[in-house]
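# Chains, contacts and geometry: an overview
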Amino acid sequence: MNHQIIFEAEVAVPDGLEEQFDRVVRAALAAEGVDVPCEVNVLVTDDAGIHEINLDMRGVDRPTDVLSFPMFDLTPGEKPAQEDADPATGLVPLGDMVISLERAQAQAAEFGHSVQREVCYLTVHSALHLLGYDHLDEGEMKAQMRGREEAILSDLGITR
């Protein structure tokens, strides 16, 4: 599928990590059966940058690991439609994701796995948010999202 993943970094990103973002977003879209060309914006920043965005956009005065800003109010399993495409580009603007590389590095150390694995997990997590998944409860919604995350990462050969 001819998706466009627009990558921007406000911090130094290790070699190969930009390609990982692209690969993981595409894999998540494919795993969810997205069959229209989409545009996804990825911003990699630090804790200060994500803190500012979190405060400005959500009124939450603290940093976090990942933020997702979907363009559509989809439900899990619902796919974006071609009629939602931008006429100028032919792409469906799926939404934006913001990831704190600083937080990803800290969480990787805390959980005992690689920074690459943590970044890939956060990317899949955010992509699923763009596609309507959520984890507002500690029950069925969270279990459904976690199951999809693990399945997509497993398909990519990314394990803990």
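Report on the accompanying structure. (Residues numbered from 1 in each chain as written. Predicted model: local features only at pLDDT ≥ 70, side-chain atom pairs only at ≥ 80, totals over all residues. Heavy atoms only, no water.)

Secondary structure assignment for the protein yields 5 helices and 4 strands. For the protein, the succession of helices and strands along the chain, N to C, is β-α-β-α-β-β-α-α-α. In terms of overall size, the protein behaves like a compact globule, its C-alpha atoms giving a radius of gyration of 15 Å where 160 residues would be expected to give roughly 15 Å. If one aligns the C-alpha atoms of the protein with their principal axes, the spans along those axes are about 40 × 35 × 30 Å. Pairs at least 24 residues apart make up 71% of the contacts formed inside the protein by residues separated by at least 6 positions. For the protein, the accessible area works out to roughly 8,000 Å², and carbon and sulfur atoms hold 48% of it. (Helix = DSSP H or I, 4+ residues; strand = E, 2+ residues; numbered from the N terminus. Rg over C-alpha atoms; globule rule 2.2 N^0.38 Å. Contact = heavy atoms within 4.5 Å. Areas by Shrake-Rupley, 256 points an atom, 1.4 Å probe, with all protein chains shown as cover.)

Grouped together as the largest cluster of nonpolar side chains are 38 residues, with contacts concentrated most on Phe21, Val40, Val42, Leu94, Met97 and Ile152. Contributions of two or more residues to this core are made by α1 (17-31), β2 (38-45), β4 (92-100), α3 (101-111), α4 (115-130) and α5 (140-155). With 8 residues, the top contributor of residues to this core is α4. Among residues more than four places away in sequence, those in contact with Val42 are Ile5, Ile6, Phe7, Glu8, Phe21 and Met97. (Core = buried A, V, L, I, M, F, W, Y, C linked by side-chain atoms within 4.5 Å. Buried < 20%, exposed > 50% of the residue type's maximum accessible area, 1.4 Å probe, protein only.)

The strand order across the open sheet built from 4 strands is β1-β2-β4-β3, with neighbouring strands paired in mixed fashion. With one partner strand each, in any of the chains shown, β1 (4-9) and β3 (66-70) form the two edges of the open sheet. Neighbouring strand axes in the sheet, compared pairwise and without regard to direction, differ in orientation by 15° on average. Relative to β4, β2 is paired through 8 bridges, and the arrangement is parallel. Across the sheet, residue Asn41 finds its bridge partner in β4, namely Asp96. Lying over the sheet, α1 contacts β1, β2 and β4, oriented at roughly 145° with respect to β1. Here α3 sits on the sheet and contacts β2 and β4; the angle it forms with β4, its principal contact strand, is near 60°. (Pairing = 2+ DSSP bridges. Axes fitted to C-alpha atoms, helices over the stretch in contact; angles between N-to-C directions.)

A few words on the packing of α3 against α4. Each pair of packed helices can be summarised by the angle the axes make with each other and by the distance between the axes. The N-to-C vectors of α3 and α4 enclose an angle of 120°; their axes lie 8 Å apart at closest approach. For the crossing formed where α3 meets α4, the hand is right-handed. Side by side, α3 and α4 meet where Leu101, Ala104, Gln105, Gln107, Ala108 and Phe111 of the first sit next to Val115, Glu118, Val119 and Leu122 of the second. (Left-handed = near helix turned anticlockwise from the far one by under 90°.)

Moving on, we get to the pattern of salt bridges. Within the structure shown, the criterion is met by 5 salt bridges. A salt bridge links Arg117 to Glu150; the nearest nitrogen and oxygen atoms lie 3.4 Å apart. Of this pair, Arg117 sits in helix α4 while Glu150 sits in helix α5, and the two are 33 residues apart along the sequence. Owing to a relative accessible area of 32%, Glu150 belongs among the partly exposed residues under this scheme. The residue Arg146 makes a salt bridge to Glu149 at a minimum N-O spacing of 3.2 Å. Placement of the pair is Arg146 and Glu149 together in helix α5, with a separation of 3 residues, close to one helical turn. (Salt bridge = Lys/Arg side-chain N within 4 Å of Asp/Glu carboxyl O.)

Let us look at the pairing of β2. Buried residues dominate β2, accounting for 7 of its 8 residues. Looking at chain direction, β1 and β2 are connected through 6 bridges and run parallel. When the bridges of β2 are listed, Gln4 appears paired with Glu39. A crossover links β1 with its parallel partner β2, the connecting element being α1, and its sense is left-handed. (Right-handed = clockwise from strand over helix to strand, strands pointing away.)

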